[in-house]
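# Per-entry structural report
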Amino acid sequence: MAQATFRIWRGEGDRAGFQDYTAETFEGMVVLDAIHQIQAEQANDLAVRWNCKAGKCGSCSAEINGRPRLMCMTRLNQLDLGEPVTVEPMRAFPHIRDLVADVSWNFRVKKQIRKFKPRPADAADGTWRMVQKDADRVQEFRKCIECYLCQDVCHVLREHRLHEEFIGPRFLIYAAALEMHPLDVENRVQDLRDRHGIGCCNITKCCTYVCPESITITDNGIIPLKERVVDRFFDPLSRLFRIFS
Amino acid sequence: MAQYETHEHDVIVIGAGGAGLRAAIEAAAGSVSVGLITKSLLGKAHTVMAEGGVAAALANVDERDNWRVHFADTMRGGQYLNNWRMAELHAKEAPDRVKELEAWGALFDRTSDGRILQRQFGGHRYPRLAHVGDRTGLEMIRTLQDHGIHQSIEVYMEHTVIRLLKDGGRIAGALAYERERGRFKLFRARAVVLATGGIGRAYKITSNSWEYTGDGHALAYDAGALLIDMEFVQFHPTGMVWPPSVRGILVTEGVRGEGGVLRNKHGKRFMFDDIPENYRAQTAASEEEGWRYTQGDRDARRPPELLTRDHVARCIMREVREGRGSPHGGVFLDIAWIRERLPNAAEHIKRKLPSMYHQFKQLGDIDITKEPMEVGPTTHYMMGGIRVDGDTQMSDVPGLFAAGECGAGLHGANRLGGNSLSDLLVFGKRAGEHAASYAKQARPAQADAGEIEQAIHDALAPFERGGAEGPYQVQQQLEETMQDLVGIVRREHEMVEALARIEDYKRRARQCSVCGHREYNNGWHTALDLSSLLTVAEAITRSALERKESRGAQFRDEYPAKDDRYGGFNVGVRKSAAGSMHIERLPLPPLRDDLKQIIEEMK
Ligand SMILES: Cc1cc2nc3c(=O)[nH]c(=O)nc-3n(C[C@H](O)[C@H](O)[C@H](O)COP(=O)(O)OP(=O)(O)OC[C@H]3O[C@@H](n4cnc5c(N)ncnc54)[C@H](O)[C@@H]3O)c2cc1C
Ligand code: SF4
Ligand code: SF4
Ligand code: FES
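Nothing here was measured: the structure is a model prediction, and the numbers come from that model. Sequence order as written defines the numbering, with residues in each chain counted from 1. To read the labels, note that chains go from A and ligands from 1, taken in the order they are written. At least 70 in pLDDT is required for a residue's local features to be given in this predicted model, at least 80 for side-chain atom pairs to be given and counted, and no such filter applies to totals for whole chains, interfaces and linings, which use all residues. Computation of side-chain values: all heavy atoms of the structure, hydrogens and water removed.

The subject of this paragraph is the overall build of chain B. When helices and strands are counted, chain B shows 17 helices and 23 strands. Radius of gyration: C-alpha atoms only; globule rule: 2.2 Å multiplied by the number of residues to the exponent 0.38. Compactness check: chain B gives a C-alpha radius of gyration of 23 Å against a globular reference of 25 Å for 603 residues, within 12% of the reference. Across chain B, contacts joining residues at least 24 apart in sequence account for 73% of those joining residues at least 6 apart. All accessible-area figures derive from a Shrake-Rupley calculation using a 1.4 Å probe, and residue coverage is judged against the displayed protein chains alone. When the accessible surface of chain B is split by element, carbon and sulfur atoms take 48% of a total near 19600 Å². A run of H or I in DSSP becomes a helix once it reaches four residues, and a run of E becomes a strand once it reaches two; helices and strands are each numbered from the N terminus. Throughout, a contact is declared for two residues whenever any of their heavy atoms are within 4.5 Å.

In this section: the interface of chain B and chain A. Each side of the interface is counted separately: chain B has 65 residues, and chain A has 60 residues. Salt bridge, as applied in this entry: a Lys or Arg side-chain nitrogen positioned within 4 Å of an Asp or Glu carboxyl oxygen. Linking chain B with chain A are six salt bridges. Measuring nitrogen to oxygen at the nearest pair gives 3.7 Å for the salt bridge that ties Glu146(A) to Arg142(B). Polar contact criterion, stated in full: a pair of N or O atoms within 3.5 Å, where within protein one must be able to donate a hydrogen and the other to accept it, and residues adjacent in sequence count only if both atoms are side-chain atoms. At the junction of chain B and chain A, the tally comes to 39 residue pairs in polar contact (both at pLDDT 80 or more). Looking at the side of chain B that touches chain A, the elements with two or more residues in it are helix H3 (84-103), helix H4 (136-148), helix H11 (354-364), helix H14 (471-485) and helix H16 (522-546) of chain B. If one sorts the elements of the side of chain B that touches chain A by residue count, H11(B) sits on top with seven residues. Its residues assigned to classes, the side of chain B that touches chain A shows 25 nonpolar, 21 polar and 19 charged. Just so you know the grouping, Ala, Val, Leu, Ile, Met, Phe, Trp, Tyr, Cys and Pro go in nonpolar, Asp, Glu, Lys and Arg go in charged, and all remaining residues, Gly too, go in polar.

Now for the domain arrangement of chain B. Residue and element names in this part refer to chain B. The start and end points of each domain follow an automatic or database-based domain assignment. On domain assignment, one finds that chain B holds domain 1 (4-232 + 383-441), domain 2 (237-379) and domain 3 (450-567). Taking only C-alpha atoms, the centre of domain 1 and the centre of domain 3 are 24 Å apart. Reported buried area values correspond to the accessible surface (1.4 Å probe) lost by two parts on association, with both partners' losses combined. Summing both partners gives a buried area of about 3500 Å² for domain 1 against domain 3, and 61% of it is carried by carbon and sulfur. When residues of domain 1 are sorted by the area they lose upon contact with domain 3, Phe184, Tyr203 and Glu231 head the list and together hold 19% of the total. For the pair domain 1 and domain 3, the number of links is four salt bridges. Breaking the side of domain 1 that touches domain 3 down by element, the ones donating at least two residues are strand E8 (159-167), strand E9 (170-178), strand E10 (184-188) and helix H5 (215-222).

Below, the discussion takes up the sheet that holds strand E5 (residues 85-88) of chain A. Residues and elements named next belong to chain A. Pairs of strands are assigned from DSSP output, requiring at least two bridges between the strands. The five strands lie next to each other as E2-E1-E5-E3-E4, forming an open sheet whose pairing is mixed. Edge positions in the sheet fall to strand E2 (17-24) and strand E4 (67-70), since each has one partner strand and no second. Strand after strand, the sheet turns through a mean of 35 degrees between neighbouring axes, direction not considered. Pairing analysis gives four bridges linking strand E3 (residues 61-64) to E4, with the strands arranged antiparallel. Within E4, the residue paired with isoleucine 64 across the bridge is arginine 67. Here an angle of 0 to 180 degrees is reported between the N-to-C directions of two axes, which are lines fitted to C-alpha atoms, with helices fitted over the stretch in contact. Running over the sheet, helix H1 (residues 31-41) touches strand E1 (3-10), E2, E3 and E5 and is turned about 95 degrees from E2.

All names here are of chain B. Strand order in this open sheet of four strands is E1-E10-E9-E8, and the pairing throughout is mixed. Each end of this open sheet is capped by a strand with a single partner; those strands are strand E1 (5-8) and E8. Each strand axis lies, on average, 25 degrees off the axis of its neighbour in the sheet, ignoring direction. Where helix H13 (residues 449-464) meets the sheet, its contacts fall on E8, E9 and E10, and the angle it forms with E8 comes to roughly 150 degrees.

Okay, the site of ligand 1 next. Residue and element names in this part refer to chain B. Neighbouring residues of ligand 1: 40 residues in total, closest Thr47, Glu211, Tyr212, Glu405 and Leu421. In the model, an oxygen atom of ligand 1 is placed 3.0 Å from a nitrogen or oxygen of the alanine 19 main chain. Take glutamate 405: an N or O atom from its side chain is 2.6 Å from an oxygen atom of ligand 1. When the free accessible area of ligand 1 is taken as 1000 Å², the share hidden by the protein chains comes to 99%. Of all the elements in the fold, those that place two or more residues in the shell around ligand 1 are helix H1 (18-29), E8, strand E16 (373-382) and helix H12 (419-441). Grouping the amino acids of the shell around ligand 1 by side-chain chemistry returns 14 nonpolar, 20 polar and six charged. The criterion for a residue being near a molecule or strand is simple. One of its heavy atoms has to lie within 4 Å of it.

All names here are of chain A. For ligand 2, the full set of nearby residues is Cys154, His155, Pro169, Cys201, Asn202, Ile203, Thr204, Lys205, Cys206, Cys207, Thr218 and Ile222. Looking at the shell around ligand 2, the elements that each hand over two or more residues are helix H8 (206-210) and helix H9 (217-234). Here the residues of the shell around ligand 2 sort into seven nonpolar, four polar and one charged.

Attention now goes to the pairing of strand E13 (residues 233-240) of chain B. Residue and element names in this part refer to chain B. Burial within E13 is extensive, with eight of its eight residues counted as buried. Judged from the six bridges that link them, E13 and E16 form a sheet pairing that is antiparallel. Note on E16: the bridge partner recorded for phenylalanine 235 is threonine 379. Burial classes: relative accessible area under 20% of the type maximum marks a residue as buried, over 50% as exposed, and values in between as partly exposed (1.4 Å probe, protein chains only).

This is the structure we're talking about:
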């Protein structure tokens, strides 16, 4: 049976580094299978996060050959097995151990975004009417599985470490989903500029490329939000219009 | 002295899936202090995987639907072993719980007049499942999560509960360890809600995630609560079978709801060959009628592919066993054929079943708009669990509540698709509400310090033992044993053999050792989960042996028919004073007359 080498990040803090393991390969295998095999047979205490192994929960995020990906959705036949396959934790977040990063910052950020606030119900029974087309636009963003791979790749967080100023692509599309929700009446535009740092994003689109849910983060989410911010703050005509309407 | 931190809440909820989140939200609304504990990160619980939809008689698509029809469908599906009070409350309250999600931001697919769209699903007479494409669970958990973080709920992520603590007979809290650092934490509480989900990891081929080790079942059992219906494990008929890496991953019933058909290797729609008597009147007589049903023709009856899951799973097994299966030991599920009927079929499939399209394309190199899938049964859902009061969700242990998949009663011998997500909402809410009011009137409870000390000592034992074997091997063998000997078709001598093996695994589990230290050590976590799995495996096997008949999800080879003598009780499992597993028969309470009448009318 064929074998492949996996170069896995082990340890914690300064006592961490790559270690090589070999695993038996089989048809259809994904990187998470290899990690499990190594964990069961060679390194019982190997730390890794995963839940569904079906690309649905967004737990198994890692950097495979340097690229942010879900381990459970990365097939070995997409990789060059002639070289060792490197597997590392997401680097934009503090490291805990082995392949596990501390993603708690994301949970804190989400709480700062103003929550959903619906308009009064449309019907006497307390329900609303919406057309599918309006739902569709937002449903794209709501496919997000919170894997944070987009956060991991975004240079504003990864290189510039602006975690205090910038909420990152995941939460920009979260805000977009709320802003474009057919029922929502809250206004988050000022927050987006002042507290969420939308201005930090310079539309490199790296986030869109890594999203395992193929959400068009930049074009459909961030750019329209930026336009709203611009309209609100820099366009005197529309501002006048707002005052008088 | 063992070291641990102490946290104090009125109510703690263990589990942050749909049931746990809904319970925590409701308890917080009762203005008590609430702690929510979850083994994984928030938003990753199993509920996120649910695909097809949430069942509620909203009657948006077919105005003939109402709670009475939903009630009767649920009871028929459960072969009348259900807790009828739960089936009643569930059918009545599910519509409000779904509408409430919309008020919290959920965006369901719409009907042409702008209301929540509902789809057909097996065993439901009318289109009843509110859905969002094939990612309904994600929508539901995210809505609850995003609403929940703005309520006053303290969330403890990546904390695993290993013991429930009692004060005399009643609940006093729980002991957990933090996965990240391996520290122990004592949660003192007056009421505890268990919402830990299912047990699928007891089997080798499963659609369930690693968390499904039956912790809640085992915690409650150890605390003296009664478990019921443990013989009823649902095997979903359609899991992926190829490649080996993805074996077991679910293929939603929605594929069949949208017109997908099952064929054997000769291209025959074998489901037409075996339609059970009690479903004959509701099943399509021809392929043509079945197709019309999936396209919303209200006069058509459902195709036999949408019969209950236990039945479809056994038919697939039969085809495979008799040599008519697909190349990798399944059968074919074909949705691509609908291009003969629909213009733009490929687009339609991608829009209705996006995750299925994605899943097969990415993991199996198959384009489901062009070629059939290969599918076979996979372990999916646990009907059995903690016995609760239908109104309050309280177990036999005062102050201990249960909701969601770890609870039992609503589904009886077999669950209908979509009835779980609605179960989580209806009974999650009820559990949260009643746990809060219980906590308000209860005196403070005191956990026993010696017991805590002992529990910590036991949990750390795997580090102390120098045994040669790690936990993974024992777990893998247990999964294989359950798959081979206590699976879809059960035989007496095989189950007796399984019990003997389980005893051996228990012995080995007590000796297995782990390396490294306590910080995020998956080996250690597995060693601790193993004890829950073993309890659950034994309970399933003993209950299955007790029920010498075939009913719902349980199929006994020696007793292939339903037997009236077994129709009047649930099988119960309790820990005896000596620590061994005790099996009992619990007669069903008589059905209320008005409900009996509904069932008669809808027969
Ligand atoms: C692939 C798939 C598709 C499905 N599709 C549908 C569908 O379309 N419709 C439907 O109605 N049902 C569906 N189901 C079933 C349904 O999803 C589950 O039954 C339901 O989500 C269970 O929810 P829950 O809240 O009970 O538990 P879960 O959502 O599993 O949550 C369990 C929680 O308990 C926590 N936990 C467990 N043990 C411990 C412990 N020891 N300490 C601390 N925390 C712990 C976990 O971390 C988790 O947070 C599907 C199931 C699967 C697998
Ligand atoms: S487009 Fe913006 S948010 Fe996305 S990676 Fe680039 S800078 Fe970050
Ligand atoms: S937007 Fe995409 S990449 Fe970012 S967290 Fe969501 S699913 Fe992951
Ligand atoms: S384990 Fe759930 S996305 Fe990979």
